[in-house]
Every structure is written in C-alpha cells, then in structure tokens.
Amino acid sequence: MKIKHILIVGAGTLGSQIGFQCARYGFKTTMYDLTEEALAACRTYHQGIAAATKKDLGLDDAAIAVAFDNLTYTTDLKAAAETCDLVSESVPENPDLKRQVFAQLNPICPEHTIFTTNSSSLLPSQIADATGRPERFLALHFANRIWVSNVAEVMRHPGTAPEVFERVIEFAPEIGLVPIRIEKENHGYVMNALLMPLLREAQTLVVNGIAGHQDVDRAWMMATQAPVGPFGMIDVVGLETTFTISNYWANVTGDEQLRKNADYLKQNFLDKGKLGLKSGEGFYTYPNPAYAKPEFIGKQ
Ligand code: NAD
C-alpha cells in the first residue's frame, strides 16, 4: 500500500515534530488541531524545528523548503481526513480522549487508512475497539527531538493485522527512522519501560528531599556520560505530559508516592505556568539550561 498523505491529529510538542519529519521526507502532511491558536503555536514551533534541523543536521534552505511545501495546517478535520493514508495521533495522554478522537476519525477516513497512536504509556488494546477498524490500528511511537532521536517503536495489539504491522515497520525508514518491533503489548514499549522508572525515581528523590534536582542530574550525567539528566529530560518531555502520566498511574494504581510526585509537579510547575523547554522554564531555564554548561559537571 502506497502512503502519500499523513494526517497528524494533535499539533502540540510531538505532533509538530512528527509532522515536520514526515513533510521533510516528502509526505504531504496535514496538521490538525482544535483551534487556530494551537495551529499558530505549531507554525512557530515548526520554525524552531527548522532552525534546529539546520543546526543539528546541517540541512540547507532547499531541504527546509521541501518540508514547508508539504505542510498544511487546519482545524477542518473532515476535509483533512478524506485523503489521508495514515493517521498519527498525538492528543494528550488520556485514553477516553484518544478513543473519542479515533471514533470521530473512523467514518471520515478512507477504508484503507492506517490509524496509529503516539501514546507514551497506554496500550493500543485500550483504544482499539473505539477505532472501528482495530485490524488497521496500532502504536507508532516516536522519541522527543525526532530529527536527532531517530527511533520509531511499532507496537501491535492482538487484533492488528500482520500486514498492517509490517507496513508500518516499512514506513519508519521512509521518514528516516529505525523501527523497533514490539511484538507484544507493553506499557511504555521498550524506551519508556526503561525511562519511566528512571524519571519516577528521580522525582521521588527530589520530592522526598533526598537531593536537589541539579545534584540528581549531575550524578546521572557524570556516572553515565549522558549529556542530560532525568530533570533535563523531563523539561524536554514537558511538565504537562510528565504530570499527566504520573497522575494517570497514581489514579490507576493508588500508589501514594506517585500521587505525591504528581502533586509536586502540579503545585510547583503547572500552576505557575512552568511547562519545561516549551515555555522557557521548568526545572531549568532556557535557552541556556545550567546542565548544558561545562562547569555543571566540573569541567572548565
Ligand atoms: P501536547 O500537550 O504538547 O500536545 C497535545 C495537542 O493535542 C495540543 O496541541 C492540543 O490542543 C491537541 N488536542 C487536544 N485535544 C484534541 C482533539 N480532540 N483533537 C485534536 N487535537 C487535540 O502533548 P505532547 O507532549 O505532544 O503529547 C501528545 C501525545 O504524544 C501523548 O500521548 C504523549 O504521551 C505522546 N508522546 C509525548 C512525548 C513527549 O516527549 N512530549 C514523547 C512521545 C510520545
């Protein structure tokens, strides 16, 4: 099956990045969100991603122009859905919302359209029946800063048709990414199954007063030679998304520490408009966060 037109549903942090990546690799890409304000923010973010890809990948103006030529922005879901071959959904991490979005898409998309979710922590089977086409639905999960973090996790649910799973595995390299096959459903795929416990334990250390966030990051960066620690990562992921995930699992499991961690993020960050990198302040301030300076880890 030929994939030509991609529809991105939810033009926030990740949706914007996925859309730009698809467009840069030659796919007609429509960015859909609920409001003109959200689309305006996406356009601005696309300018930032264009600058970042120039800096990080050495892309020239012609390559950037290809991406912008392939991008359109709309609040008209029906018109965008009519011709799309693959949907990539990046609305907030709420299973009811995701179910509602796919239920809305099913009657207005062509029958051949493949539906994918970029959910970080949910299972496709929590959403599949609501899509009306469970055999053409699966997870295609991307990493933040997609232009340099070139990994795509492809995770089927028990009802995903094998040929649809294989087609999405093939699609990943078509947008410059390396697919990771996930044959069995798992909360958090591979990447987040490893990352979530790290971010959770880092928050617990700070919330329980064991160490400050800079020392937690410093210890991790110095011991593992990583360029960023868990709190730098949380800023990139976004405080809203990190809170939504902690809050969801605190509600599902009744885990008291997770509840404390979620409440801490809400009171100290969300309620103060500190959303991480995207708002210019989270655990660090941007564009020059303290952890990126050589002296942070004792270098001159
Ligand atoms: P975000 O809050 O930055 O963006 C969500 C966007 O969805 C917003 O622009 C919002 O207006 C829009 N939206 C809300 N309801 C909608 C609807 N009914 N229809 C269309 N658009 C709607 O969130 P994000 O960080 O981009 O996360 C989105 C999804 O991607 C989540 O499932 C998250 O788990 C996943 N994800 C996030 C990251 C990350 O690092 N932030 C990484 C991988 C996956």
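Calculation criteria
- Residues numbered from 1 in each chain as written.
- Predicted model: local features only at pLDDT ≥ 70, side-chain atom pairs only at ≥ 80, totals over all residues.
- Heavy atoms only, no water.
- Helix = DSSP H or I, 4+ residues; strand = E, 2+ residues; numbered from the N terminus.
- Rg over C-alpha atoms; globule rule 2.2 N^0.38 Å.
- Buried < 20%, exposed > 50% of the residue type's maximum accessible area, 1.4 Å probe, protein only.
- Contact = heavy atoms within 4.5 Å.
- Areas by Shrake-Rupley, 256 points an atom, 1.4 Å probe, with all protein chains shown as cover.
- Lys, Arg positive; Asp, Glu negative; His and termini not counted.
- Charge placed at Lys NZ, Arg CZ, Asp CG, Glu CD.
- Pairing = 2+ DSSP bridges.
- Axes fitted to C-alpha atoms, helices over the stretch in contact; angles between N-to-C directions.
- Core = buried A, V, L, I, M, F, W, Y, C linked by side-chain atoms within 4.5 Å.
- Near = heavy atom within 4 Å.
- Polar contact = N/O pair within 3.5 Å; in protein donor to acceptor, adjacent residues only side chain to side chain.
- Domains from an automatic or database assignment.
- Parallel < 35°, antiparallel > 145°, perpendicular 65-115°, else oblique.
- Nonpolar A, V, L, I, M, F, W, Y, C, P; charged D, E, K, R; others polar.

> What am I meant to see in the overall build of the protein here?
The helix and strand inventory of the protein stands at 11 helices and eight strands. In terms of C-alpha radius of gyration, the protein reaches 19 Å, essentially the compact-globule figure of 19 Å for 300 residues. Oriented by its inertia axes, the alpha-carbon framework of the protein measures out at about 55 × 50 × 35 Å. For the protein, buried positions account for 49% of its 300 residues. Contacts in the protein between residues far apart in sequence, at least 24 positions, make up 67% of those at least 6 positions apart. When the accessible surface of the protein is summed, it comes to about 13,500 Å², and 55% of that surface belongs to carbon and sulfur atoms. Positive and negative side-chain charges in the protein, numbering 27 and 34 respectively, have mean positions lying 3 Å apart.

> How do you make sense of the sheet that holds strand β1 (residues 5-9) when you look at a structure like this?
Pairing between the strands of a sheet is mediated by backbone hydrogen bonds and can be parallel or antiparallel. Read from one edge of the open sheet, eight strands run β3-β2-β1-β4-β5-β6-β7-β8, paired in mixed fashion. Looking at strand neighbours, the two that pair on one side only are β3 (71-74) and β8 (178-182), the edges of this open sheet. Going from strand to strand, the sheet's axes swing by 25° on average, the running direction of each strand aside. Pairing analysis gives five bridges linking strand β7 (residues 151-155) to β8, with the strands arranged parallel.

> Would you mind showing me how to read unusual backbone geometry here?
The bulk of non-glycine residues show a negative phi, and the bulk of peptide bonds are trans. Look at the link from Tyr286 to Pro287: it is a cis peptide, with omega at 25°. A positive phi angle, near 55°, is found at Tyr189, a position not held by glycine. As for its placement among the helices and strands, Tyr189 is situated in the loop between β8 and α7 (191-207). Although it is not a glycine, Gln225 sits at a positive phi angle of roughly 65°. With respect to the helices, strands and loops of the structure, Gln225 is situated in the loop between α8 (213-224) and α9 (230-237).

> Could you clarify how one ought to interpret the nonpolar core in this entry?
It is characteristic of soluble globular proteins that their nonpolar side chains tend to be buried jointly. Within the largest apolar cluster, 38 residues are counted, with the highest numbers of intra-cluster contacts made by Ile6, Phe142 and Phe171. Taken together, the elements giving at least two residues each to this core come down to β1, α1 (13-24), α2 (36-57), α3 (61-70), β3, β6 (137-142), β7 and α6 (162-174). At six residues, α6 tops the list of elements feeding residues into this core. Core analysis: the next-biggest nonpolar cluster, separate from the first, contains 18 residues, Leu199, Val216, Leu239 and Tyr291 among them.

> Any chance you could explain the site of the ligand here in plain terms?
Residues in contact with the ligand amount to 25 residues; listed here are only the nearest, Asp33, Glu93, Lys98, Ser120 and Asn144. Asp33 places a polar side-chain atom, nitrogen or oxygen, 2.6 Å from an oxygen atom of the ligand. Asn118 places a polar side-chain atom, nitrogen or oxygen, 3.2 Å from an oxygen atom of the ligand. Expressed as a share of its isolated accessible area of 830 Å², the protein-covered part of the ligand is 87%. Where the shell around the ligand is concerned, the elements lending two or more residues are α1, α5 (95-105) and β6. Sort the elements by how many residues they give to the shell around the ligand and α5 lands first, with three residues. Each of domain 1 (5-182) and domain 2 (193-291) gives at least three residues to the shell around the ligand.

> Help me out: how do you make sense of the packing of α9 against helix α10 (residues 239-253) in this one?
Think of two packed helices as two axes; the pair is described by the angle between the axes and how far apart they sit. Look at α9 against α10: their axes get within 6 Å of each other, and the N-to-C directions meet at 100°. By the criterion of interaxial angle, the relationship of α9 to α10 is roughly perpendicular. Taking contact as the criterion, the partners of Ile234, Asp235 and Val237 in α9 are, on α10, Leu239, Thr241 and Thr242. Looking at the contact of α9 with α10, its residues break down into three nonpolar, two polar and one charged.

The values reported here are purely geometric and, on their own, carry no functional implication.
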